[in-house]
Amino acid sequence: MQFEFTTSDRIIFGPGTLRGAGPTIKKAGQRPLVVTGKTAQRAEPLLQLLRENNIEAATFSVSGEPTIQTVRDGVALAKSENCDWVIGIGGGSVLDAGKAIAAMMKNEGDVLDYLEIIGQGKSLTKRPARYMAIPTTAGTGSEVTRNAVLASPEHRLKVSLRSLWMLPGIAVVDPELTYDLPPAITASTGLDALTQLIEPYVCLRSNPITDSLCWEGIRRVARSFRKAVEKGDEKAAREDMSMASLFGGMALANAGLGAVHGLAGPIGGIFSAPHGEICAALLPHVMEINLRALRERVGKNYATNRYYQIARMLTGNDHATANAGIEWIRQLVSDFKIPRLSSHGIKPEHIEEIVKNAMNASSMKANPIALTEAELAEILQRAL
């Protein structure tokens, strides 16, 4: 057995950890670029901390999922404001934008030169500017991943800027920042977190460390997902979901993902749809088709066994079947009214393009079994 495991240099976890991060921020650099969401409202705890510590910063807002132009604009602002490092505070899109901006602050040329699929795929030659990632949702785990997902509207694709150097130097995971998330966002991001625990657990590149992270993360989601959505002020549940998201990010960065993300990427490149909602809509159908394909073409193997283990963790029933786990997730999707793909404008005539792009997606390479175009099309049809 051979494997590699890497993660952020420093992870600071727990309620209130942002309030205590002043000394860490003071040591990180002189003038940060603070990357926020559409408005700076959710970043206010950080901005207040900076003011209290007399730290001057420039702010850059990211509206929706970041594009290649978003990164160009962020780098230009950072340079014009003489920023020497970056803090990202927000959901996964904001954290990914911050990672990409930090990388391009130090590397020559245009961001397109370093992108896979649509660019030259060049490797970064210099370490990015120092980067601190502060998630305000419990979903993507982007605070401990080594890539930034960027949209290219002209190519109708989402692609990654990827490097081991892009792991954030500091990840501050403070569950208090998620307490006021609306139920709908809590549900969709929480299902994204669950997806990012299930896919690395069943994928082709899992290892004993990622297995342990996924096992523990799935258990936390099972006991706390409903509480976090229905009772947003349930502190223990919010902490569980933040921990699960963190574990999922660590797992996917070291093992890989699967067909949910293999399809979600191309969908996000064509349609303006929240990543978490896409993953949530796809998850039960991908699990079902994966399991069927494994049974038909492989028989009993490690992946089919793991689907049984997932079902038992989710349901709490030591005798649960793999299909029971799928039904548990399907019920969550129904109970919390996760929109179907058709609500985002996706129609049957779009399936062929999505499948074509998905077949080349990097996430698809780790799926526990190679799915056919017909099987991918079936998943999409079921999720419409």
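Since we're looking at a predicted model, the values are computed, not measured.

## Observations concerning unusual backbone geometry
Negative phi is the rule for most residues except glycine; trans is the rule for most peptide bonds.
Move 1: Of note, N54 is a non-glycine position whose phi angle comes to about 55 degrees, a positive value.
Move 2: Tracing the backbone through its elements, the reader meets N54 in the loop between α2 (44-52) and β3 (58-61).

## Some details on the packing of aromatic side chains
Move 1: Scanning the model with the defined rule gives one aromatic pair in all.
Move 2: Here the guanidinium or amino end of R306 rests over the ring plane of Y201, the centre of that ring lying 4.6 Å away.

## Brief notes about the sheet that holds strand β2 (residues 32-36)
Move 1: Taking strand neighbours across the sheet as the criterion, the six strands line up as β1-β8-β5-β4-β2-β3 in an open arrangement whose pairing is parallel. The sheet is open, and its two edges are formed by β1 (10-13) and β3, each paired on a single side. Averaged over neighbouring strand pairs, the angle between their axes works out to 15 degrees when direction is ignored.
Move 2: Inspection of the sheet shows strand β5 (residues 130-135) paired to strand β8 (residues 170-173) by two bridges, in the parallel sense. From the neighbouring strand, A133 faces β8, where its bridge partner is A171.
Move 3: Against the sheet, α2 engages β2, β3, β4 (85-90) and β5, with an angle of about 160 degrees to β2.
Move 4: Packing of helix α7 (residues 235-254) onto the sheet brings it into contact with β1 and β8, and relative to β1 it is tilted by some 165 degrees.

## As for helix α6 (residues 208-230)
Helical geometry: 3.6 residues make up each α-helical turn, so side chains three or four residues apart lie on a common side.
Move 1: Spanning 23 residues, α6 covers 34 Å between terminal C-alpha atoms, matching the ideal 33 Å at 1.5 Å per step.
Move 2: S224 marks where α6 bends most, by close to 50 degrees.
Move 3: Every buried residue of α6 is accounted for by T210, D211, L213, C214, G217, I218, R220, V221, S224, F225, A228 and V229.

## What to know about the side chain of D96
Move 1: You can see D96 is positioned in helix α4 (residues 92-104).
Move 2: The contact partners of D96, leaving out residues within four places of it in the chain, are S142, N147, A148 and V149.

## Notes on the pattern of salt bridges
Move 1: One pass over the structure, following the stated rule, counts 22 salt bridges.
Move 2: Residue E353 is joined to R156 by a salt bridge in which the shortest nitrogen-to-oxygen separation is 3.1 Å. Taken together, the positions of E353 in helix α12 (residues 351-358) and R156 in the loop between β6 (147-152) and β7 (157-162) put the pair 197 residues apart, joining distant regions of the chain.
Move 3: By relative accessible area, R156 is classed as partly exposed at 35%.
Move 4: Of the charged contacts, one joins R220 and D240 as a salt bridge, the two residues approaching to 2.7 Å between their closest N and O atoms. On the criterion of sequence distance, the pair formed by R220 in helix α6 and D240 in helix α7 is long-range, its members being 20 residues apart.
Move 5: Assessed through its relative accessible area of 17%, R220 is described here as buried.
Move 6: Its relative accessible area of 6% is what places D240 among the buried residues.

## Considering the packing of α12 against helix α13 (residues 373-383)
Move 1: Between α12 and α13, the least distance of the axes is 10 Å, while the angle of their chain directions is 125 degrees. Classified by the angle their axes make, α12 and α13 are oblique. Considering only the axes of α12 and α13, their crossing is right-handed. Across the interface between the two elements, I351, I354, V355 and A358 from α12 touch E373, L376, A377, L380 and Q381 from α13.

## Re the environment of T70
Move 1: Locating T70 in the fold gives a position in helix α3 (residues 68-80).
Move 2: Looking at T70, the relative accessible area reads 16%, which means it is buried.
Move 3: Between the C-alpha atoms of T70 and D110, which are 40 residues apart in sequence, the distance is 12 Å.
Move 4: The residues contacting T70, other than those within four sequence positions of it, are F60 and V62.

## Digging into the nonpolar core
Move 1: By size, the foremost hydrophobic cluster in this structure holds 73 residues, and its most contacted members are L194, L282, I310, I329 and L341.
Move 2: Among the elements that take part in this core, helix α9 (residues 275-297) stands out by supplying twelve residues, more than any other.
Move 3: Once you skip the residues sitting within four places of it in the chain, I310 turns out to touch I198, Y201, V202, I218 and M287.
Move 4: Listed in part, the 34 residues of the second largest apolar core include A78, V86, V94 and Y114.

Definitions and cut-offs
- Residues numbered from 1 in each chain as written.
- Predicted model: local features only at pLDDT ≥ 70, side-chain atom pairs only at ≥ 80, totals over all residues.
- Heavy atoms only, no water.
- Helix = DSSP H or I, 4+ residues; strand = E, 2+ residues; numbered from the N terminus.
- Phe/Tyr/Trp six-rings, centres within 6.5 Å; stacked < 30°, edge-to-face > 60°.
- Lys NZ or Arg CZ within 6 Å of the ring centre and 35° of its normal.
- Pairing = 2+ DSSP bridges.
- Axes fitted to C-alpha atoms, helices over the stretch in contact; angles between N-to-C directions.
- Contact = heavy atoms within 4.5 Å.
- Expected span 1.5 Å × (residues − 1).
- Bend = angle between axes of the 7 residues up to and from the residue.
- Buried < 20%, exposed > 50% of the residue type's maximum accessible area, 1.4 Å probe, protein only.
- Salt bridge = Lys/Arg side-chain N within 4 Å of Asp/Glu carboxyl O.
- Parallel < 35°, antiparallel > 145°, perpendicular 65-115°, else oblique.
- Left-handed = near helix turned anticlockwise from the far one by under 90°.
- Core = buried A, V, L, I, M, F, W, Y, C linked by side-chain atoms within 4.5 Å.

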